[in-house]
Amino acid sequence: MKKSVFAVALNHRSQTEHWNEAFHQSPYKTPPKTPVWFIKPRNTHRKMGDVISLPEQQQTFSGGTLAVVMGKVARKIRAADAEQYIAGYALANELSLAEESFYRPAIKAKCRDGFCPMGEMAGLKDVSALDIVTEVNGVVKQSWSTSELHRNAAELIAALSDFATLQAGDVILLGTPQQRIPVNAGDSVTIKAQGLPTLTNSFSDETNVKTQPDGHPTLFALGLNYADHATELDFNAPEEPLVFIKAPNTVTGDNCVSVRPDNLEYMHYEAELVVVIGKTARNVKRAEAFDYVAGYTVCNDYAVRDYLENYYRPNLRVKSRDTLTPLLAKITPREAIPDVQNLQLKTFVNGELTQSGSTRDMVFSVAFLIEYLSEFMTLQPGDMIATGTPKGLADVKPGDEVVVEVEGVGRLTNRIVSEKQFEENLK
Ligand SMILES: O=C(O)C/C=C\CC(=O)C(=O)O
Ligand SMILES: [Mg+2]
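The name an unreviewed UniProt entry assigns to the chain is 4-hydroxyphenylacetate degradation protein, from the organism Mixta theicola. The UniProt entry for the chain carries this comment under Function (unreviewed entry): "Decarboxylates OPET (5-oxo-pent-3-ene-1,2,5-tricarboxylic acid) into HHDD (2-hydroxy-hept-2,4-diene-1,7-dioate) and isomerizes it to OHED (2-oxo-hept-3-ene-1,7-dioate)." Its UniProt record gives the chain a comment under Sequence similarities (unreviewed entry), which states: "Belongs to the FAH family."

Structure below.
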């Protein structure tokens, strides 16, 4: 089963040069200090030769790139040691709509069905200056070199594995140039590089291209989906759902520990209702949305605010860290919850009630979120949507016991430990 496909934005010099002026102004203020990670979820995954259906009325762009494939579990790896954790490389096409902003996750631009075909893997010794060539209908349209990247595969593995344990089979896409190549229905696009199997896909405007890729369920999460929480963070409530994606490494269970990184100002809890999809959903209207819900569970969507940068905010380094998404394994069937928009959410820290809200106050309801996401991507059974947290955040410290609960759905307990305590337990 294919594992996680991570990708990094703004890793090609042409991108940071193009955006440099904007990155010194609001809302960015400074160029990114750490890699700008995002995820290509399983609905985007395709293979060599698959036909890919293009969205109507919006221009899709090709993004030929190099993918590094992990060969074994990698946690807090030094760049100098990364080579021994690499299984090989493959070519990928990181398809996207136009990238007009890096301020919030570009789910609608990057996570559409079929937007990440990948070729077969091969072993390569040196990818430091590999030419990645894109042909459209047999004509070379682009060639760029991996020597033009800010961070190479080893540096990216070190940066990502510092907060997210990588598994064998996990993939990192190394980046794409600023200039992207338009792709239209009827086109055939080939990505080539010396020593690697070629990747060719054709593109269609047919909406009935059925491919059910394998891969682990997608965990979506909502930012600022409660107006009072947005206010406490000095934001206005969003006008469109602020959706980000979490990778499986971050999920832990009931009565497990969550690691508070050292030397932090502020790490807070977030009690959230989680919706579990029960049936393949594409272009579902909100009136029928609950037909596609298997049930509900609870998560604690911890946030390390110190690591927030204004790029695909909140970035994976904030929201997809190992152990920082406790999730209740028990799913309460949909039928047991007559009105999911009328449930109390609570957090207790060391027995004291510190957060209390109601799903009545969601900015975007469960039904709306299913309609919104399924309009541009296929949701599959097992996919989950963490629907946001109300106001009432507070910092948590090692030793704290944190309990989050959703009325009628469940209760989730976990204890905060320091990095030192966690490492000692790993020995
Ligand atoms: O970018 C931010 O500061 C907020 C992002 C996520 C908040 C969140 O997880 C929630 O509102 O729940
Ligand atoms: Mg949250």
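### Observations concerning the state of the cysteines
Applying the stated criterion across every chain, the model contains 0 disulfides. Not part of a disulfide, Cys116 finds its nearest cysteine sulfur in Cys111, a span of 9.5 Å. Lacking any disulfide linkage, Cys256 is separated from the closest cysteine sulfur, that of Cys299, by 14 Å.

### Considerations on the sheet that holds strand β25 (residues 344-349)
Strands sit in the order β18-β29-β28-β25-β26 across an open sheet of 5 strands; the sheet is mixed. One side of each edge strand has no neighbouring strand; the edge strands of this open sheet are β18 (256-260) and β26 (352-358). Ignoring strand direction, the axes of neighbouring strands in this sheet form an average angle of 25°. As defined by bridge partners, β25 adjoins β26 across 6 bridges and the pair is classed as antiparallel. Bridge pairing in β26 links Leu345 to Gly357. The sheet strands contacting helix α7 (residues 419-426) are β18 and β29 (410-418), and the helix crosses β29 at an angle near 95°.

### A closer look at the site of ligand 1
In the vicinity of ligand 1 there are 17 residues, among which Arg104, Leu224, Arg305, Arg313 and Lys319 approach most closely. In the model, an oxygen atom of ligand 1 is placed 3.3 Å from a nitrogen or oxygen of the Leu222 main chain. Within the side chain of Arg313, a nitrogen or oxygen atom sits 2.7 Å from an oxygen atom of ligand 1. Expressed as a share of its isolated accessible area of 350 Å², the protein-covered part of ligand 1 is 100%. Class assignment for the residues of the shell around ligand 1 results in 6 nonpolar, 4 polar and 7 charged.

Calculation notes
Residues numbered from 1 in each chain as written. Chains lettered and ligands numbered in written order. Predicted model: local features only at pLDDT ≥ 70, side-chain atom pairs only at ≥ 80, totals over all residues. Heavy atoms only, no water. UniProt positions renumbered as here; feature names shortened; annotations may be inferred. Disulfide = S-S within 2.5 Å. Pairing = 2+ DSSP bridges. Helix = DSSP H or I, 4+ residues; strand = E, 2+ residues; numbered from the N terminus. Axes fitted to C-alpha atoms, helices over the stretch in contact; angles between N-to-C directions. Contact = heavy atoms within 4.5 Å. Near = heavy atom within 4 Å. Polar contact = N/O pair within 3.5 Å; in protein donor to acceptor, adjacent residues only side chain to side chain. Areas by Shrake-Rupley, 256 points an atom, 1.4 Å probe, with all protein chains shown as cover. Nonpolar A, V, L, I, M, F, W, Y, C, P; charged D, E, K, R; others polar.

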